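Each chain is listed here by its residues.
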Amino acid sequence: NRQGRSTLYLFSVLMQKLLRIWCIGAGILLLAEIAIRISSMPRIETQEEMLVSYQRAKIAKIEDGAILLVGDSSLGNGVSSKILSQKLGGSVWNLALTASHNTYGDYIVVREVARSLEDVQGVVIFHTPGMWDSDRVADTEQTLNTAFGTNNLQGLSNRLFHHSALVNFSATFRRLLVFVMRDGFNLDRLAQRLALLDEVRERLPEVDYIVQQGILDRDAYVPVAVREFTPTPYVEKWLDETLAICVDAGWPVWLAVGPVPVAQAEISQQSLQAMLNWLRFKAEAHPQCNLLYDHVPTAAIADFGDGTSHLSPDAKISFSHW
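What you see is a predicted model; the values in this text were computed from it and never measured.

Reading the values: the criteria
Residues numbered from 1 in each chain as written. Predicted model: local features only at pLDDT ≥ 70, side-chain atom pairs only at ≥ 80, totals over all residues. Heavy atoms only, no water. Axes fitted to C-alpha atoms, helices over the stretch in contact; angles between N-to-C directions. Helix = DSSP H or I, 4+ residues; strand = E, 2+ residues; numbered from the N terminus. Parallel < 35°, antiparallel > 145°, perpendicular 65-115°, else oblique. Left-handed = near helix turned anticlockwise from the far one by under 90°. Contact = heavy atoms within 4.5 Å. Nonpolar A, V, L, I, M, F, W, Y, C, P; charged D, E, K, R; others polar. Phe/Tyr/Trp six-rings, centres within 6.5 Å; stacked < 30°, edge-to-face > 60°. Lys NZ or Arg CZ within 6 Å of the ring centre and 35° of its normal. Pairing = 2+ DSSP bridges. Buried < 20%, exposed > 50% of the residue type's maximum accessible area, 1.4 Å probe, protein only.

Colleague: Residues and numbers for the packing of helix α4 (residues 81-88) against helix α13 (residues 313-321), please.
Modeller: Here α4 crosses α13 at 25°, and the two axes come no closer than 9 Å. Judged by the angle between their axes, α4 and α13 are roughly parallel. The chirality of how α4 crosses α13 is right-handed. Along its contact with α4, which presents Ile83, Leu84 and Lys87, the element α13 presents Ile317, Ser320 and His321. Of the residues belonging to the contact of α4 with α13, the class tally is three nonpolar, two polar and one charged.

In structure tokens form, the structure reads like this:
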């Protein structure tokens, strides 16, 4: 009995301490929330978060009869939805994300559209060759889950946390710390970084994508061969899930590959052909699915902008007409 009373006493003391810690923590969070509510500090979003929010807002405006373009930055920098809409006489929407969103990004975007629309003329899934055998990036996947939500408890918690002023402030504070530490407490450089984020936000509607920030050093360019092609289970899973949505909805689909420099294509013929063969196999395995074209488009290195998968703004116009 004495031993039992001792155990009960220790348990009671432990619970009191835990309760005290919890109350202190709750009090700190409450004070922080109050401070945040009266603070004028804006939430700092990453460029990726801005892009996802921008594309999600566009999805809400799409009407029946549209053509959807989904993919990565080679699509965002390479295809003008305005030019395609004019050439095709219809409504074309470029909903490009980034390569790190992978085919999971395609799935999330197409799924979101399918929830509100029935009549879509077609879907083009468009990626740079290096994306078709890439793997999951947890951070960017989480960004999509937070923005769009998923049909599970994790998605619910993501949406709740995403809209919490306390968590938004925390994310902003962490980014400020990262900026400051990276630049050695250089306040001028910090101001430049924050100004860049403001510029990105302002120019998104103008270019319908993240504005290019620099120019490729074309004189120093050395072509690098595309690695041997082996599709990853992650790419294949979410491509199949996206195609399944389109099949169920009766939407035709075209698979496409973004342009690469001529010199890179010349030393990567075997890998690029293996990729095309795989895409052709995927198309043949799904009703209403085809390749948009049966080759990898190429362009001179002078036609690229800030990277070897991003066409320059002028080349974007030419490629869109093509």
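Okay, back to it.
Colleague: Now, about unusual backbone geometry: what can you tell me, with residues and values included?
Modeller: For Asn102, which is not glycine, the phi torsion reads 60° and is therefore positive. Looking at where Asn102 falls in the secondary structure, it is placed in helix α5 (residues 102-114).

Colleague: An account of the packing of aromatic side chains is requested, with residue identities and associated values reported.
Modeller: Summed over the entire model, instances satisfying the criterion amount to eight aromatic pairs. Aromatic pair Tyr107 and Trp238: ring centres 4.7 Å apart, planes at 40°, arrangement tilted. Taken together, the residues span a long stretch of sequence, with Tyr107 in helix α5 and Trp238 in helix α10 (residues 233-249) at a distance of 131 residues. Following the ring pairs from residue to residue traces out a cluster consisting of Phe126, Tyr293, Phe319 and Trp322. Above the plane of the ring of Phe148 lies Arg56, whose end atom (NZ or CZ) is 5.5 Å from the centre.

Colleague: Describe the sheet that holds strand β3 (residues 120-127), listing the residues and the values that go with them.
Modeller: Read from one edge to the other, the open sheet built from five strands follows the order β2-β1-β3-β4-β6, with strand pairing classed as parallel. Both outer strands of the open sheet, β2 (92-94) and β6 (289-291), are each paired with one neighbouring strand and no more. Averaged over all pairs of adjacent strands, the angle between strand axes in this sheet comes to 20°, irrespective of strand direction. Inspection of the sheet shows strand β4 (residues 253-257) paired to β6 by three bridges, in the parallel sense. In the strand pairing of β6, Val253 is matched with Cys289.

Colleague: So what's going on with α4? Residues and values would help.
Modeller: Listing the buried residues of α4 in full gives Ser81, Ile83, Leu84 and Ser85. Backbone geometry just downstream of α4 places Gly89 in the positive-phi region, at approximately 70°.

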